[in-house]
Amino acid sequence: MNAVIFHGGSQRDAGLERVHTQLRDAMQAQGWTVETKRLETMTIRPCTGCFGCWLRTPGECLQADDGREVPKAFAKNDVIVYLSPISFGGYSSLLKTAIDRIIPFASPLFKVVDGEIHHLKRYPNSPGYFAIGWQAQPDQEAADVFLQLVGRNIRNTRPPSHATLVLNATQAPDEQQVQIAQMVRKMEVKQ
Amino acid sequence: MNTRRFLVLIGSPRVPSVSETLAEYLADGLAKRGWETKIIRLGPALKHEDKWTELAEEFRQADVTALLTPLYVDSLPGHTTQALERLAAEARPERERKFFALVNCGFLEAEQNDIALAICRLFARDAGLRWLGGLALGAGGAMSGQKLEKMGGMVAHVVRSLDLTIEAIDAGQPLPDEALQLIRRRFCPTWLYVLLANFGMLKGAMDNHVLTKIHAKPYA
(Lines give C-alpha, C1' and ligand atoms only; values in the text may rest on other atoms or scores of the structure.)
Protein backbone atom coordinates (compact mmCIF):
# COMPACT_ATOMS: atom_id res chain seq x y z
CA MET A 1 0.00 0.00 0.00
CA ASN A 2 2.26 2.75 -1.30
CA ALA A 3 1.28 6.34 -1.90
CA VAL A 4 2.94 9.56 -2.96
CA ILE A 5 1.77 13.07 -2.10
CA PHE A 6 2.88 15.71 -4.59
CA HIS A 7 2.96 18.88 -2.48
CA GLY A 8 2.55 21.90 -4.75
CA GLY A 9 2.54 24.58 -2.05
CA SER A 10 4.98 26.36 0.18
CA GLN A 11 6.15 25.14 3.56
CA ARG A 12 5.51 28.70 4.79
CA ASP A 13 1.74 28.25 4.28
CA ALA A 14 0.77 27.11 7.80
CA GLY A 15 -2.80 26.19 6.85
CA LEU A 16 -1.72 23.98 3.97
CA GLU A 17 0.97 22.41 6.15
CA ARG A 18 -1.69 21.45 8.68
CA VAL A 19 -3.76 19.86 5.89
CA HIS A 20 -0.66 17.96 4.75
CA THR A 21 -0.04 16.64 8.26
CA GLN A 22 -3.71 15.63 8.67
CA LEU A 23 -3.64 13.86 5.30
CA ARG A 24 -0.37 12.02 5.93
CA ASP A 25 -1.48 10.93 9.43
CA ALA A 26 -4.88 9.76 8.21
CA MET A 27 -3.28 7.71 5.42
CA GLN A 28 -0.70 6.17 7.72
CA ALA A 29 -3.45 5.26 10.19
CA GLN A 30 -5.12 3.32 7.36
CA GLY A 31 -1.89 1.39 6.72
CA TRP A 32 -0.50 3.40 3.81
CA THR A 33 3.22 3.95 3.37
CA VAL A 34 3.36 7.61 2.39
CA GLU A 35 6.12 9.58 0.69
CA THR A 36 5.72 13.35 0.27
CA LYS A 37 7.47 14.99 -2.67
CA ARG A 38 7.86 18.68 -1.82
CA LEU A 39 8.05 20.22 -5.24
CA GLU A 40 9.50 23.51 -4.00
CA THR A 41 12.66 21.62 -3.02
CA MET A 42 12.94 19.71 -6.33
CA THR A 43 14.37 20.71 -9.69
CA ILE A 44 11.69 20.16 -12.30
CA ARG A 45 12.09 21.99 -15.58
CA PRO A 46 9.04 22.67 -17.76
CA CYS A 47 8.04 20.13 -20.41
CA THR A 48 9.46 21.32 -23.73
CA GLY A 49 6.78 19.62 -25.83
CA CYS A 50 9.47 17.79 -27.83
CA PHE A 51 7.70 14.38 -27.83
CA GLY A 52 11.09 12.77 -27.09
CA CYS A 53 9.50 10.72 -24.29
CA TRP A 54 7.20 9.19 -26.91
CA LEU A 55 9.32 9.01 -30.03
CA ARG A 56 13.00 8.91 -29.00
CA THR A 57 13.28 7.30 -25.54
CA PRO A 58 9.75 5.89 -25.11
CA GLY A 59 8.53 6.14 -21.52
CA GLU A 60 11.32 8.40 -20.29
CA CYS A 61 11.74 12.18 -20.55
CA LEU A 62 14.90 13.43 -22.25
CA GLN A 63 15.41 15.96 -19.42
CA ALA A 64 17.48 14.30 -16.67
CA ASP A 65 16.06 16.12 -13.66
CA ASP A 66 13.57 15.45 -10.84
CA GLY A 67 10.72 15.60 -13.35
CA ARG A 68 11.45 11.93 -14.10
CA GLU A 69 10.11 11.16 -10.63
CA VAL A 70 6.57 11.98 -11.77
CA PRO A 71 5.87 9.12 -14.23
CA LYS A 72 7.94 6.83 -12.01
CA ALA A 73 5.67 7.61 -9.04
CA PHE A 74 2.59 6.89 -11.15
CA ALA A 75 4.01 3.54 -12.28
CA LYS A 76 5.20 2.36 -8.86
CA ASN A 77 2.50 3.50 -6.43
CA ASP A 78 -1.07 2.52 -5.63
CA VAL A 79 -2.26 6.03 -4.95
CA ILE A 80 -1.19 9.55 -6.00
CA VAL A 81 -2.37 12.63 -4.12
CA TYR A 82 -2.04 16.16 -5.44
CA LEU A 83 -1.98 18.81 -2.70
CA SER A 84 -2.07 22.30 -4.16
CA PRO A 85 -3.06 25.90 -3.64
CA ILE A 86 -5.72 26.69 -6.25
CA SER A 87 -4.41 29.08 -8.87
CA PHE A 88 -7.21 30.64 -11.01
CA GLY A 89 -9.15 27.38 -10.60
CA GLY A 90 -6.16 25.23 -11.60
CA TYR A 91 -3.18 23.69 -9.86
CA SER A 92 -0.35 25.90 -8.61
CA SER A 93 2.37 26.51 -11.20
CA LEU A 94 4.74 24.45 -9.06
CA LEU A 95 2.48 21.40 -9.21
CA LYS A 96 1.38 21.98 -12.81
CA THR A 97 4.99 22.04 -14.01
CA ALA A 98 5.43 18.63 -12.38
CA ILE A 99 2.14 17.28 -13.77
CA ASP A 100 3.20 18.29 -17.30
CA ARG A 101 6.10 15.85 -16.95
CA ILE A 102 3.67 12.91 -16.65
CA ILE A 103 3.45 12.65 -20.45
CA PRO A 104 5.81 9.61 -20.70
CA PHE A 105 3.37 7.67 -18.47
CA ALA A 106 0.96 7.66 -21.44
CA SER A 107 1.34 6.08 -24.85
CA PRO A 108 1.67 8.43 -27.84
CA LEU A 109 -1.10 6.53 -29.60
CA PHE A 110 -4.74 7.58 -29.52
CA LYS A 111 -8.05 5.82 -29.10
CA VAL A 112 -11.66 6.86 -28.63
CA VAL A 113 -12.96 6.55 -25.06
CA ASP A 114 -16.61 7.39 -24.39
CA GLY A 115 -16.80 9.28 -27.69
CA GLU A 116 -13.71 11.39 -27.02
CA ILE A 117 -10.10 10.99 -28.17
CA HIS A 118 -7.60 10.04 -25.45
CA HIS A 119 -4.14 8.51 -25.27
CA LEU A 120 -3.71 4.77 -24.81
CA LYS A 121 -2.26 3.66 -21.49
CA ARG A 122 1.44 2.74 -21.45
CA TYR A 123 1.14 0.85 -18.16
CA PRO A 124 -1.76 -1.55 -17.62
CA ASN A 125 -2.81 -0.07 -14.28
CA SER A 126 -3.14 3.52 -13.17
CA PRO A 127 -2.86 4.49 -9.51
CA GLY A 128 -5.77 5.93 -7.56
CA TYR A 129 -6.07 9.67 -8.20
CA PHE A 130 -6.79 12.08 -5.35
CA ALA A 131 -6.55 15.85 -5.17
CA ILE A 132 -6.92 18.48 -2.49
CA GLY A 133 -7.20 22.09 -3.58
CA TRP A 134 -6.43 24.77 -1.01
CA GLN A 135 -7.79 28.31 -0.85
CA ALA A 136 -6.70 31.07 1.52
CA GLN A 137 -10.22 32.50 1.11
CA PRO A 138 -13.33 30.68 -0.11
CA ASP A 139 -13.85 31.22 -3.85
CA GLN A 140 -16.68 29.08 -5.19
CA GLU A 141 -16.06 29.97 -8.83
CA ALA A 142 -12.42 28.85 -8.63
CA ALA A 143 -13.41 25.77 -6.60
CA ASP A 144 -15.90 24.74 -9.30
CA VAL A 145 -13.24 25.03 -12.04
CA PHE A 146 -10.80 23.03 -9.90
CA LEU A 147 -13.36 20.21 -9.47
CA GLN A 148 -13.97 20.18 -13.24
CA LEU A 149 -10.22 20.09 -13.92
CA VAL A 150 -9.59 17.12 -11.65
CA GLY A 151 -12.66 15.47 -13.20
CA ARG A 152 -11.05 15.78 -16.62
CA ASN A 153 -7.74 14.41 -15.32
CA ILE A 154 -9.67 11.42 -13.97
CA ARG A 155 -11.43 10.95 -17.31
CA ASN A 156 -8.02 10.90 -19.01
CA THR A 157 -6.19 8.58 -16.61
CA ARG A 158 -9.15 6.31 -15.83
CA PRO A 159 -7.97 5.45 -12.27
CA PRO A 160 -9.46 2.66 -10.12
CA SER A 161 -10.32 5.05 -7.28
CA HIS A 162 -10.49 8.82 -6.99
CA ALA A 163 -11.80 11.74 -4.93
CA THR A 164 -11.38 15.52 -4.86
CA LEU A 165 -11.62 18.02 -2.01
CA VAL A 166 -11.50 21.80 -1.88
CA LEU A 167 -10.57 23.15 1.54
CA ASN A 168 -10.05 26.70 2.70
CA ALA A 169 -8.37 28.53 5.55
CA THR A 170 -11.64 29.72 7.09
CA GLN A 171 -12.75 26.16 7.90
CA ALA A 172 -12.23 24.68 11.36
CA PRO A 173 -9.39 22.11 11.46
CA ASP A 174 -11.80 19.46 12.82
CA GLU A 175 -14.08 19.93 9.82
CA GLN A 176 -11.11 19.54 7.45
CA GLN A 177 -10.00 16.42 9.28
CA VAL A 178 -13.40 14.78 8.81
CA GLN A 179 -13.36 15.49 5.05
CA ILE A 180 -9.79 14.23 4.69
CA ALA A 181 -10.63 11.02 6.57
CA GLN A 182 -13.58 10.42 4.22
CA MET A 183 -11.27 10.87 1.24
CA VAL A 184 -8.64 8.48 2.61
CA ARG A 185 -11.26 5.75 3.09
CA LYS A 186 -11.82 5.77 -0.70
CA MET A 187 -8.17 4.93 -1.44
CA GLU A 188 -7.61 1.41 -2.80
CA VAL A 189 -4.60 -0.76 -3.64
CA LYS A 190 -3.89 -0.91 -7.39
CA GLN A 191 -5.13 -4.16 -8.97
CA MET B 1 -5.99 59.45 -30.90
CA ASN B 2 -3.22 57.51 -29.14
CA THR B 3 -1.91 54.38 -30.82
CA ARG B 4 -3.59 51.32 -29.36
CA ARG B 5 -1.36 48.48 -28.18
CA PHE B 6 -1.89 44.74 -28.63
CA LEU B 7 0.30 42.27 -26.75
CA VAL B 8 0.36 38.52 -27.44
CA LEU B 9 1.85 36.17 -24.88
CA ILE B 10 2.94 32.82 -26.29
CA GLY B 11 2.61 29.85 -23.92
CA SER B 12 4.17 27.26 -26.21
CA PRO B 13 7.79 26.27 -25.51
CA ARG B 14 8.19 25.14 -29.12
CA VAL B 15 9.64 27.15 -31.99
CA PRO B 16 7.91 27.35 -34.39
CA SER B 17 4.55 26.65 -32.79
CA VAL B 18 0.86 26.68 -33.65
CA SER B 19 0.39 29.43 -31.05
CA GLU B 20 2.99 31.56 -32.80
CA THR B 21 1.38 31.03 -36.22
CA LEU B 22 -1.99 32.15 -34.89
CA ALA B 23 -0.40 35.04 -32.96
CA GLU B 24 1.26 36.38 -36.10
CA TYR B 25 -2.05 36.33 -37.95
CA LEU B 26 -3.82 38.27 -35.19
CA ALA B 27 -0.95 40.75 -34.78
CA ASP B 28 -0.68 41.36 -38.55
CA GLY B 29 -4.44 41.95 -38.76
CA LEU B 30 -4.41 44.54 -35.99
CA ALA B 31 -1.20 46.18 -37.28
CA LYS B 32 -2.99 46.78 -40.59
CA ARG B 33 -5.65 48.62 -38.59
CA GLY B 34 -3.06 50.89 -37.00
CA TRP B 35 -2.36 49.01 -33.77
CA GLU B 36 1.11 48.71 -32.30
CA THR B 37 1.67 44.98 -31.73
CA LYS B 38 4.14 42.85 -29.81
CA ILE B 39 4.56 39.07 -29.49
CA ILE B 40 6.46 37.72 -26.47
CA ARG B 41 7.26 34.08 -25.60
CA LEU B 42 6.72 33.35 -21.91
CA GLY B 43 9.39 30.65 -21.55
CA PRO B 44 12.44 32.87 -22.20
CA ALA B 45 10.86 35.76 -20.25
CA LEU B 46 10.60 33.59 -17.14
CA LYS B 47 14.25 32.56 -17.43
CA HIS B 48 15.73 36.06 -17.74
CA GLU B 49 14.74 38.86 -15.38
CA ASP B 50 15.48 41.62 -17.90
CA LYS B 51 13.11 39.96 -20.37
CA TRP B 52 10.48 39.62 -17.65
CA THR B 53 10.80 43.33 -16.82
CA GLU B 54 10.20 44.12 -20.48
CA LEU B 55 7.20 41.78 -20.59
CA ALA B 56 5.67 43.30 -17.45
CA GLU B 57 6.03 46.80 -18.91
CA GLU B 58 4.45 45.74 -22.22
CA PHE B 59 1.61 44.12 -20.23
CA ARG B 60 1.00 47.37 -18.32
CA GLN B 61 0.99 49.38 -21.55
CA ALA B 62 -1.21 47.05 -23.61
CA ASP B 63 -4.83 47.94 -24.23
CA VAL B 64 -5.53 44.33 -25.15
CA THR B 65 -3.48 41.29 -24.15
CA ALA B 66 -4.00 37.82 -25.61
CA LEU B 67 -2.63 34.53 -24.33
CA LEU B 68 -2.08 31.91 -27.04
CA THR B 69 -1.06 28.57 -25.63
CA PRO B 70 -1.22 24.83 -26.13
CA LEU B 71 -3.18 22.59 -23.78
CA TYR B 72 -0.96 20.56 -21.45
CA VAL B 73 -2.65 17.79 -19.43
CA ASP B 74 -6.10 19.38 -19.46
CA SER B 75 -5.02 22.92 -18.53
CA LEU B 76 -2.37 25.57 -19.09
CA PRO B 77 1.32 24.56 -19.18
CA GLY B 78 3.10 24.96 -15.83
CA HIS B 79 5.35 27.80 -16.97
CA THR B 80 2.34 29.63 -18.45
CA THR B 81 0.57 29.32 -15.10
CA GLN B 82 3.69 30.70 -13.42
CA ALA B 83 3.66 33.73 -15.71
CA LEU B 84 -0.02 34.39 -15.03
CA GLU B 85 0.61 34.12 -11.27
CA ARG B 86 3.32 36.78 -11.56
CA LEU B 87 1.19 39.06 -13.75
CA ALA B 88 -1.83 38.77 -11.42
CA ALA B 89 0.40 39.82 -8.52
CA GLU B 90 1.05 43.17 -10.25
CA ALA B 91 -0.88 46.25 -9.16
CA ARG B 92 -4.43 46.24 -10.51
CA PRO B 93 -4.80 48.44 -13.61
CA GLU B 94 -6.04 52.02 -13.19
CA ARG B 95 -7.57 52.11 -16.69
CA GLU B 96 -9.58 49.46 -18.51
CA ARG B 97 -7.38 46.78 -20.03
CA LYS B 98 -8.72 43.75 -21.83
CA PHE B 99 -7.73 40.12 -22.15
CA PHE B 100 -8.67 37.09 -24.23
CA ALA B 101 -7.19 33.64 -24.79
CA LEU B 102 -6.82 31.06 -27.54
CA VAL B 103 -5.99 27.53 -26.41
CA ASN B 104 -5.17 24.76 -28.90
CA CYS B 105 -4.89 21.04 -28.23
CA GLY B 106 -3.63 17.96 -30.07
CA PHE B 107 -6.99 16.25 -29.74
CA LEU B 108 -9.69 16.73 -32.36
CA GLU B 109 -12.25 18.02 -29.86
CA ALA B 110 -11.93 21.75 -29.16
CA GLU B 111 -14.05 21.22 -26.02
CA GLN B 112 -11.02 19.65 -24.34
CA ASN B 113 -9.69 23.24 -23.99
CA ASP B 114 -12.68 24.58 -22.08
CA ILE B 115 -11.26 24.20 -18.56
CA ALA B 116 -8.03 25.93 -19.60
CA LEU B 117 -10.15 28.80 -20.92
CA ALA B 118 -12.08 28.94 -17.63
CA ILE B 119 -8.69 29.27 -15.89
CA CYS B 120 -7.80 32.16 -18.24
CA ARG B 121 -11.13 33.84 -17.43
CA LEU B 122 -10.39 33.61 -13.70
CA PHE B 123 -6.91 35.03 -14.30
CA ALA B 124 -8.55 38.04 -15.97
CA ARG B 125 -10.89 38.42 -13.00
CA ASP B 126 -8.02 38.23 -10.48
CA ALA B 127 -5.77 40.57 -12.49
CA GLY B 128 -8.52 43.17 -12.90
CA LEU B 129 -8.73 42.77 -16.69
CA ARG B 130 -11.91 42.80 -18.76
CA TRP B 131 -12.47 39.28 -20.20
CA LEU B 132 -13.27 39.36 -23.91
CA GLY B 133 -13.72 35.61 -24.44
CA GLY B 134 -11.93 32.34 -25.09
CA LEU B 135 -11.20 30.62 -28.40
CA ALA B 136 -10.82 26.83 -28.40
CA LEU B 137 -9.03 25.08 -31.28
CA GLY B 138 -8.79 21.30 -31.69
CA ALA B 139 -6.31 19.31 -33.82
CA GLY B 140 -3.74 22.08 -33.46
CA GLY B 141 -0.91 19.71 -34.34
CA ALA B 142 -2.21 19.49 -37.90
CA MET B 143 -1.24 23.16 -38.37
CA SER B 144 2.21 23.05 -36.85
CA GLY B 145 4.86 25.27 -38.35
CA GLN B 146 2.87 26.49 -41.34
CA LYS B 147 1.67 29.97 -42.28
CA LEU B 148 -2.08 30.13 -41.85
CA GLU B 149 -2.57 31.89 -45.17
CA LYS B 150 -0.87 29.02 -47.03
CA MET B 151 -2.94 26.20 -45.55
CA GLY B 152 -5.99 26.60 -47.76
CA GLY B 153 -9.56 25.44 -47.20
CA MET B 154 -8.80 23.17 -44.27
CA VAL B 155 -8.38 26.19 -42.01
CA ALA B 156 -10.87 28.55 -43.67
CA HIS B 157 -13.08 28.48 -40.57
CA VAL B 158 -10.07 29.29 -38.34
CA VAL B 159 -9.12 32.23 -40.55
CA ARG B 160 -12.72 33.51 -40.53
CA SER B 161 -12.84 33.21 -36.72
CA LEU B 162 -9.59 35.15 -36.35
CA ASP B 163 -10.81 37.82 -38.80
CA LEU B 164 -13.94 38.26 -36.68
CA THR B 165 -11.75 38.41 -33.59
CA ILE B 166 -9.61 41.16 -35.15
CA GLU B 167 -12.72 43.15 -36.08
CA ALA B 168 -14.12 42.85 -32.56
CA ILE B 169 -10.84 43.85 -30.88
CA ASP B 170 -10.52 46.84 -33.19
CA ALA B 171 -14.09 47.89 -32.33
CA GLY B 172 -13.46 47.46 -28.58
CA GLN B 173 -16.01 44.65 -28.37
CA PRO B 174 -16.00 41.17 -26.77
CA LEU B 175 -15.29 38.30 -29.15
CA PRO B 176 -18.50 37.50 -31.05
CA ASP B 177 -20.24 34.13 -30.68
CA GLU B 178 -19.65 33.41 -34.37
CA ALA B 179 -15.87 33.61 -33.84
CA LEU B 180 -16.07 31.41 -30.73
CA GLN B 181 -18.14 28.76 -32.52
CA LEU B 182 -16.39 28.77 -35.91
CA ILE B 183 -12.96 27.94 -34.56
CA ARG B 184 -14.38 24.89 -32.79
CA ARG B 185 -15.44 23.27 -36.06
CA ARG B 186 -13.75 19.88 -36.55
CA PHE B 187 -11.31 19.34 -39.40
CA CYS B 188 -12.40 15.75 -40.09
CA PRO B 189 -14.31 12.76 -38.63
CA THR B 190 -12.99 11.30 -35.36
CA TRP B 191 -12.03 7.93 -36.90
CA LEU B 192 -9.95 9.63 -39.59
CA TYR B 193 -8.17 11.86 -37.09
CA VAL B 194 -7.25 8.88 -34.88
CA LEU B 195 -5.98 6.99 -37.94
CA LEU B 196 -3.85 9.92 -39.17
CA ALA B 197 -2.54 10.87 -35.72
CA ASN B 198 -1.56 7.28 -34.91
CA PHE B 199 0.13 6.94 -38.31
CA GLY B 200 2.10 10.12 -37.59
CA MET B 201 3.25 8.83 -34.20
CA LEU B 202 4.20 5.39 -35.54
CA LYS B 203 6.15 6.98 -38.39
CA GLY B 204 7.95 9.25 -35.92
CA ALA B 205 8.92 6.25 -33.81
CA MET B 206 10.05 4.33 -36.91
CA ASP B 207 12.19 7.26 -38.09
CA ASN B 208 13.92 7.21 -34.69
CA HIS B 209 14.32 3.40 -34.76
CA VAL B 210 12.17 2.88 -31.65
CA LEU B 211 9.02 1.48 -33.23
CA THR B 212 9.28 -1.82 -31.35
CA LYS B 213 9.84 0.05 -28.08
CA ILE B 214 6.99 2.49 -28.45
CA HIS B 215 5.20 0.97 -25.44
CA ALA B 216 8.35 0.47 -23.33
CA LYS B 217 7.74 0.53 -19.56
CA PRO B 218 10.99 1.75 -18.01
CA TYR B 219 9.45 2.11 -14.53
CA ALA B 220 7.51 -1.18 -14.40
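Residues numbered from 1 in each chain as written. Chains lettered and ligands numbered in written order. Predicted model: local features only at pLDDT ≥ 70, side-chain atom pairs only at ≥ 80, totals over all residues. Heavy atoms only, no water.

Draft legend 1. Spatial organisation of the packing of aromatic side chains. A complete count under the given rule lists 14 aromatic pairs over all chains for this structure. When the ring of Phe88(A) is compared with that of Phe123(B), the centres are 5.5 Å apart and the planes differ by 85 degrees; the resulting orientation is edge-to-face. One end of the pair, Phe88(A), is in the loop between β3 (79-85) and α4 (93-99); the other, Phe123(B), is in helix α5 (residues 114-127), on a second chain. In this structure, Phe88(A) and Phe123(B) share a single accessibility class: buried. Through a chain of ring-to-ring contacts, the aromatic side chains of Phe6(A), Phe74(A), Tyr82(A), Tyr91(A), Phe105(A), Tyr123(A), Tyr129(A) and Phe146(A) assemble into a single cluster. The lysine or arginine in question, Arg14(B), covers the ring of Phe51(A), its NZ or CZ lying 5.1 Å from the ring centre. Sitting over the ring of Phe59(B), Arg97(B) keeps its end group 4.7 Å from the ring centre. (Phe/Tyr/Trp six-rings, centres within 6.5 Å; stacked < 30°, edge-to-face > 60°. Helix = DSSP H or I, 4+ residues; strand = E, 2+ residues; numbered from the N terminus. Buried < 20%, exposed > 50% of the residue type's maximum accessible area, 1.4 Å probe, protein only. Lys NZ or Arg CZ within 6 Å of the ring centre and 35° of its normal.)

Draft legend 2. Spotlight on the layout of surface pockets. Quantified by volume, the second largest pocket comes out at close to 500 Å³. Lining the second largest pocket we find 21 residues, and of these Ile44(A), Arg45(A), Pro46(A), Thr97(A) and His79(B) sit closest to its centre. Here the lining of the second largest pocket is built from residues that sort into 10 nonpolar, 8 polar and 3 charged. (1 Å grid on protein atoms, 1.4 Å probe; cavity = no way out; pocket = protein on both sides within 12 Å on 5 of 7 lines; lining within 4 Å. Points joined across faces, edges and corners; volume = space filled by probe spheres on them. Nonpolar A, V, L, I, M, F, W, Y, C, P; charged D, E, K, R; others polar.)

Draft legend 3. Local environment of the sheet that holds strand β5 (residues 130-137) of chain B. All names here are of chain B. Taken in spatial order, the 5 strands of this open sheet run β2-β1-β3-β4-β5, and their pairing is parallel. Here the strands that pair on one side only, and so sit at the sheet edges, are β2 (36-41) and β5. Along the sheet, successive strands turn relative to each other by an average axial angle of 15 degrees, direction set aside. Inspection of the sheet shows strand β3 (residues 64-70) paired to strand β4 (residues 98-104) by 7 bridges, in the parallel sense. Looking at β4, one finds that Leu 68 is bridged to Leu 102. Sitting on the sheet, helix α6 (residues 156-170) touches β3, β4 and β5, and the angle it makes with β5 is about 175 degrees. (Pairing = 2+ DSSP bridges. Axes fitted to C-alpha atoms, helices over the stretch in contact; angles between N-to-C directions. Contact = heavy atoms within 4.5 Å.)

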